[in-house]
Amino acid sequence: SAVISQKPSRDICQRGTSLTIQCQVDSQVTMMFWYRQQPGQSLTLIATANQGSEATYESGFVIDKFPISRPNLTFSTLTVSNMSPEDSSIYLCSVDMGTGLAFFGQGTRLTVV
Amino acid sequence: QQQVKQSPQSLIVQKGGISIINCAYENTAFDYFPWYQQFPGKGPALLIAIRPDVSEKKEGRFTISFNKSAKQFSLHIMDSQPGDSATYFCASYTSGTYKYIFGTGTRLKVLA
């Protein structure tokens, strides 16, 4: 397994601003993922963060809105840009240890007002 | 279509009872089926997982039953406790893609 730390755990932001969410893992991992979970809903994959290359985005998510950095094998950031109330959600960092099992951080609860 | 259908959406069980959550998938390329437990304000935590060459896997009070021909799998929680009250997600995974398809979730409430 892996210990995944996300910061911040929650935030309230003004519309039009940006928020950067950090994800730190206690071991080196190849694959890191960012998910969005809207209240009471399931998990939707935003993008896969690859170290040393551009992130791979899922349909409906674009780099201009959700830029991702992956500077090394233990760290990644997700920025939610030019936020609107529709971006209010829980954002989750996840890793795959190569076992086919995903491990998640505790999430960042974002409220946009 | 890559989809995982989960039912029921919500479930209320008496303490000591059996909680049963079902999932059905369509894509036969899936080769790993984990279940996750999520408490309010927390990220999903891996509970138990099964590969399609096994029909049943048990870990403590949690059991996965897998029916490959029907493309269905289920989570059974024996002797359900109030502390089991959470949202449960099934998932399907294809090796090499690193992609997980999650079910819609089941909100379980165990009454004391």
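Coordinates for the structure precede this section.
A few points on the structure. Just so you know, these numbers come straight off a predicted model, no measurement behind them.

Cut-offs applied
Residues numbered from 1 in each chain as written. Chains lettered and ligands numbered in written order. Predicted model: local features only at pLDDT ≥ 70, side-chain atom pairs only at ≥ 80, totals over all residues. Heavy atoms only, no water. Helix = DSSP H or I, 4+ residues; strand = E, 2+ residues; numbered from the N terminus. Contact = heavy atoms within 4.5 Å. Salt bridge = Lys/Arg side-chain N within 4 Å of Asp/Glu carboxyl O. Polar contact = N/O pair within 3.5 Å; in protein donor to acceptor, adjacent residues only side chain to side chain. Nonpolar A, V, L, I, M, F, W, Y, C, P; charged D, E, K, R; others polar. Pairing = 2+ DSSP bridges. Axes fitted to C-alpha atoms, helices over the stretch in contact; angles between N-to-C directions. Phe/Tyr/Trp six-rings, centres within 6.5 Å; stacked < 30°, edge-to-face > 60°. Buried < 20%, exposed > 50% of the residue type's maximum accessible area, 1.4 Å probe, protein only. Disulfide = S-S within 2.5 Å. Patch = residues over 30% accessible without salt bridge, like charges linked within 9 Å, V, L, I, M, F, W, Y side chains within 5 Å. Areas by Shrake-Rupley, 256 points an atom, 1.4 Å probe, with all protein chains shown as cover.

## So, the environment of Ala-2 of chain A
Residue and element names in this part refer to chain A. On the secondary structure map, Ala-2 appears in the segment before β1 (4–7). For Ala-2 and Ala-102, which are 100 residues apart along the polypeptide, the C-alpha to C-alpha distance reads 9.4 Å. In this structure, Ala-2 is in contact with Val-25, Asp-26, Ser-27, Val-95, Met-97 and Phe-103, ignoring residues within four places of it in sequence.

## Thoughts on the interface of chain A and chain B
Each partner contributes to the interface: chain A provides 22 residues, whereas chain B provides 20 residues. With its nearest N and O atoms 3.1 Å apart, the salt bridge here joins Glu-58 of chain A to Lys-99 of chain B. For the interface between chain A and chain B, the tally reads nine residue pairs in polar contact (both at pLDDT 80 or more). Mapped onto the side of chain A that touches chain B, the elements with two or more residues apiece are β4 (31–37), β5 (44–50), β9 (89–96) and β10 (102–104) of chain A. With four residues, the single largest contributor to the side of chain A that touches chain B is β4 of chain A. Split by residue class, the side of chain A that touches chain B holds 10 nonpolar, nine polar and three charged.

## Things to note about the sheet that holds strand β7 (residues 62–67) of chain B
Residue and element names in this part refer to chain B. Taken in spatial order, the five strands of this open sheet run β1-β3-β8-β7-β6, and their pairing is antiparallel. Among the strands making up the open sheet, the edge pair consists of β1 (4–7) and β6 (56–59). Averaged over neighbouring strand pairs, the angle between their axes works out to 15 degrees when direction is ignored. In the sheet, strand β3 (residues 19–25) pairs with strand β8 (residues 72–77) via six bridges, with the strands oriented antiparallel. In the strand pairing of β8, Ala-24 is matched with Gln-72.

## Thoughts on the packing of aromatic side chains
By convention here, two paired aromatic rings are described through the distance between centres and the angle between planes. Here the structure, examined in full by the defined rule, presents 18 aromatic pairs over all chains. For the ring pair Phe-66 of chain A and Tyr-91 of chain A, a centre distance of 6.4 Å and an interplane angle of 45 degrees mean the geometry is tilted. Of the two residues, Phe-66 of chain A is situated in the loop between β6 (56–57) and β7 (68–72) and Tyr-91 of chain A in strand β9; the sequence distance between them amounts to 25 residues. The class of Tyr-91 of chain A is buried, set by a relative accessible area of 0%. Judged by centre distance (6.1 Å) and plane angle (20 degrees), the ring pair of Tyr-25 of chain B and Phe-66 of chain B falls under stacked.

## Concerning the state of the cysteines
By the definition in use, this model includes two disulfides over all chains. What pairs with Cys-23 of chain A in a disulfide is Cys-93 of chain A, and their sulfur atoms sit 1.9 Å apart. Between Cys-23 of chain A and Cys-93 of chain A, the S-S torsion sits near -65 degrees, and that sign places the bridge as left-handed. Here the residue Cys-23 of chain A occupies a position in strand β3 (residues 19–25), and Cys-93 of chain A occupies one in strand β9, the gap between them amounting to 70 residues. According to the relative accessible area criterion, Cys-93 of chain A is buried, its value standing at 0%. In this model, Cys-23 of chain B is linked to Cys-90 of chain B through a disulfide, with the two sulfur atoms separated by 1.9 Å. The sign of the S-S torsion, about -95 degrees, decides the handedness of the disulfide formed by Cys-23 of chain B and Cys-90 of chain B: left-handed. Note that Cys-23 of chain B is positioned in strand β3 and Cys-90 of chain B in strand β9 (residues 86–94), a separation of 67 residues in sequence. For the pair formed by Cys-23 of chain B and Cys-90 of chain B, the shared burial category is buried. No disulfide involves Cys-13 of chain A; its sulfur sits 18 Å from that of Cys-23 of chain A, the nearest cysteine.

## Quick look at a nonpolar patch on the surface
Residues and elements named next belong to chain B. There is a patch of nonpolar side chains on the surface, built from Ile-18, Ile-20 and Met-78 and spanning about 240 Å² of accessible area. Turning to its location among the elements, Met-78 is positioned in the loop between β8 and β9. With relative accessibility at 33%, the residue Met-78 sits in the partly exposed group.

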